[in-house]
Amino acid sequence: MNRQAQAVILLLLGGAILRASLSDLYLRYVKEGLRPFLIGAGIVLVTASIMTLWYDLRQRLDAVTEHDHGHHEPRVGWLLLLPVLGLLLVAPPAMGSFAAGQSGTALRNGQQSDFTPLPAGDPVEVTVLDYASRAVFDDGRSLTGREVTITGFVIPGASGEVYLARMMLACCAADARPIKVGLTGDAPGGLAADTWVRATGRYTLRRANDTVNGETIPFLDVTSWQQVDTPKNTYES
Amino acid sequence: MTAVEQEPAKSPPAPPARRERRLGSVEVLAVLLVALVVFRGPIAALVSDPRWQTWTTVFVSVMVQATPFLVFGVLLSAVIAVFVPRSFWARALPRHPALAVPVASAAGVVLPGCECGSVPIAGSLIRRGVTPAAALAFLLSAPAVNPIVLASTAVAFPKNPEMVVARAGASLVVAMVMGWLWLRLGRPEWIRLPHRPDLDDTSKWRAFWSACRHDVIHAGGFLVLGAMAAATINVVVPGRWLQALADNPWLSVVALGVLAVLLSICSEADAFVAASLSQFSLTARLAFLVVGPMVDLKLMSMQAGVFGRRFAVRFAPTTFVVGVAVAAIVGSVWL
């Protein structure tokens, strides 16, 4: 791999990172807060590419003989085409039901001990994590008598039940962990995995244990639901 | 195709003899890119299977996440390699290598990066005459104990602030032990830094950009290898396998150490994953946090690339053993 080829790869990598971070594409893979750093890194990569080509061109014009040109240059750099290909051509979707089914619900004890009352509104919009934490760690005290709406993607259960899940992101999709809530009552049936649903309902005492890690999965007694478009940022944090 | 192959002819005349001998890499690259665009449909169809799709998502996201840190590390390493004079390190670090090790470990505290960036930095430090033991101690401590990592650990374990202290303490101990072990047992010939005549360029800026280009391509290529391995593990190993291991106190410590190696999660995020592994003891999760930033698939791949294979096959397993042992001791005494 000679210098011009390396410059092209740097340009492609920087361009792919810039394209992903200037659109909403990056939200499928990393947290929102990384955006300025991604843009900065993209600019540095493109600059490095331009500087490489510039020095290369000047060297040629000066007719300097190059001894190291093309020799001992890292061949492993070709692999950098793979993330470029992944970002520019494939652009895979955000983590969904397959990954969520493989890991246990990430609801963990001790995140919060006293829960503030739910905000006003009936039904009130809450995150999947908020609903699950209030249901499990507050025994649903702050949920009783209220109607809540949660949004997430569908995971079909093994014996016909339906779960609504949302992935939590700490840093990038490699550490994404699901929060699962079971749906009962007027639950949506027959939907394909990864369909996005907005479900409204009430707290119920029903519980299940995640088959992966044995943690508690709370349920929502659904009164109405509708299919919705995949949100811009599919992750909760 | 012919139009593509003729493209380099636009650039100023190069010695024609070389052009005839073999196909240049720019030509290969151009053909490859055209082929990729043409076969875009079949490639997309190939990854429509959920397994492949998840693999691709994890792979792409590890690369996207790591790129800013890699670029930051490469820039800093190029500054060290080109602009910081050798005499600076002689003055900044204690003359005796055994004393330089703890100083270098502590210096890792101030660098807010993750592990991908610290590999090229450590390579540059050795190149500039820093004793390898100190550079390696820095390599291990910088991603493990920097302020961002410790803050995210505190956020991930709100009920166990002692985890932050245990993580910082255990990681520093491992970094220093590894530095001193290198002084006693390490052989200089194990580290083979690639020959880089371009760093002694008369023009500092030309040398700077040359170092950036080389390091991104080189370390980045090995990062791709590691990210591919991590994505495979992520898709292939289901979470329920872990459940079986969690009940044995000793086995669980080793198991989470191995998991940290395989998952190759960025050190700034691993605390949240450790927190979600709630079926494991705090000691086992400490092992996950201590080993992860120091040994993992993408790091081993990058270390083999930057320091040579003979180095990586000795250094990574030793670090793993020391890391698990120190985490087990600190965990059983403190947590």
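Residue numbers run consecutively from 1 along every chain, following the written order of its sequence. Whichever chain is written first becomes A and whichever ligand is written first becomes 1, with later ones labelled in order. Per-residue local features are limited, in this predicted model, to residues with pLDDT of at least 70; the limit for side-chain atom pairs, both in listing and counting, is 80 or more; totals at the level of whole chains, interfaces and linings are taken over all residues. Based on all heavy atoms of the structure, the side-chain values leave hydrogens and waters out of the count.

1. Quick notes on the overall build of chain A
Then comes step 1: Counting from the N terminus, the helices are DSSP H or I runs at least four residues long and the strands are E runs at least two residues long. Within chain A, the secondary structure is distributed over five helices and seven strands.
Then comes step 2: If you list the helices and strands of chain A from N to C, you get α-α-α-α-β-α-β-β-β-β-β-β.
Then comes step 3: Using C-alpha atoms as the atom set, the radius of gyration is obtained and then compared with a globule rule of 2.2 Å times the number of residues to the power 0.38. Computed over C-alpha atoms, the radius of gyration of chain A comes to 24 Å, more than 25% over the 18 Å expected from 2.2 N^0.38 for 237 residues, which places it beyond the range of a compact globule.
Then comes step 4: Referenced to the eigenvectors of the C-alpha coordinate spread, the extents of chain A come out at roughly 80 × 35 × 30 Å.
Then comes step 5: Only protein chains enter the area calculation, which uses a 1.4 Å probe; residues under 20% of their type maximum are buried, those over 50% are exposed, and those in between are partly exposed. Per-residue burial for chain A yields a buried fraction of 58% across its 237 residues.
Then comes step 6: Taking all contacts inside chain A whose residues are at least 6 apart in sequence as the whole, residues at least 24 apart take part in 70%. Here, two residues are considered to be in contact whenever any of their heavy atoms come within 4.5 Å of each other.

2. Considerations on the confidence of the model for chain A
Then comes step 1: Of all residues in chain A, 93% have pLDDT values of 70 or greater, and the mean over the chain is 87.
Then comes step 2: Values of pLDDT, the confidence the predictor places in each residue, fall between 0 and 100. Low pLDDT (under 50) marks residues 67-71 of chain A, which in the prediction has ten contacts with non-local residues, meaning those over four places away or in another chain.

3. Looking at the pattern of salt bridges
All names here are of chain A.
Then comes step 1: Salt-bridge detection follows one rule: a side-chain nitrogen of Lys or Arg within 4 Å of a carboxyl oxygen of Asp or Glu. Inspection of every chain in the model, using the stated rule, returns eight salt bridges over all chains.
Then comes step 2: Of the charged contacts, one joins Asp130 and Arg134 as a salt bridge, the two residues approaching to 3.0 Å between their closest N and O atoms. With a gap of four residues between them, Asp130 and Arg134 both fall in helix H5 (residues 128-137), about one helical turn apart.
Then comes step 3: Members of the salt-bridge network, linked through shared partners, are Arg3, Asp56 and Arg60.

4. Looking at the packing of helix H1 (residues 3-22) of chain A against helix H2 (residues 35-61) of chain A
Residue and element names in this part refer to chain A.
Then comes step 1: The angle between two axes is taken between their N-to-C directions and runs from 0 to 180 degrees, where each axis is a line fitted to C-alpha atoms and a helix contributes only its stretch in contact. At their nearest, the axes of H1 and H2 sit 8 Å apart, and the two run at 155° to each other. On the basis of their axis angle, the class for H1 and H2 is roughly antiparallel. The chirality of how H1 crosses H2 is left-handed.
Then comes step 2: Split by residue class, the contact of H1 with H2 holds 14 nonpolar, eight polar and four charged. Angles below 35 degrees are treated as roughly parallel, those above 145 as roughly antiparallel, those between 65 and 115 as roughly perpendicular, and all remaining angles as oblique. Note on convention: near helix rotated counterclockwise from far helix by under a right angle means a left-handed crossing. Clockwise means right-handed. Each residue receives one of three labels: charged for Asp, Glu, Lys and Arg, nonpolar for Ala, Val, Leu, Ile, Met, Phe, Trp, Tyr, Cys and Pro, and polar for the others, Gly being one of them.

5. Remarks on the pairing of strand S6 (residues 216-227) of chain A
Residue and element names in this part refer to chain A.
Then comes step 1: We treat two strands as partners when DSSP finds at least two bridges between them. As paired elements, strand S4 (residues 177-185) and S6 share four bridges and run parallel to each other. Bridging from a neighbouring strand, Thr184 pairs with Asp221 of S6.
Then comes step 2: Of the strand pairs in this sheet, strand S5 (residues 196-209) and S6 are connected by ten bridges, and their pairing is antiparallel. The residue bridging Val197 from the neighbouring strand is Gln227, located in S6.
Then comes step 3: In this antiparallel pair of consecutive strands, S5 and S6, the connection spans six residues, and Gly214 shows a positive phi of 75°.

6. Points about the packing of helix H3 (residues 81-90) of chain A against helix H5 (residues 50-82) of chain B
Then comes step 1: At a closest axis distance of 10 Å, the pairing of H3 of chain A and H5 of chain B adopts a crossing angle of 115°. The orientation of H3 of chain A relative to H5 of chain B falls into the category roughly perpendicular. As H3 of chain A runs across H5 of chain B, the sense of the crossing is left-handed. Contact residues: H3 of chain A offers Leu82, Pro83, Gly86, Leu87 and Val90 of chain A, while H5 of chain B offers Thr56, Phe59, Val60, Met63 and Val64 of chain B.
Then comes step 2: Taken together, the residues of the contact of H3 of chain A with H5 of chain B sort by class into eight nonpolar, two polar and no charged.

7. Some points on the nonpolar core
Then comes step 1: The definition of a nonpolar core used throughout is a set of buried Ala, Val, Leu, Ile, Met, Phe, Trp, Tyr and Cys residues joined through side-chain atoms within 4.5 Å. One finds Leu87 of chain A together with Phe288 and Phe307 of chain B to be the most contacted residues of the largest nonpolar core, which totals 158 residues.
Then comes step 2: At 16 residues, the largest contribution of residues to this core is made by H5 of chain B.
Then comes step 3: Those residues in contact with Leu87 of chain A that sit more than four places away from it in its chain are Ala16, Ile17, Arg19, Ala20, Leu25 and Tyr29 of chain A together with Val60 and Val64 of chain B.

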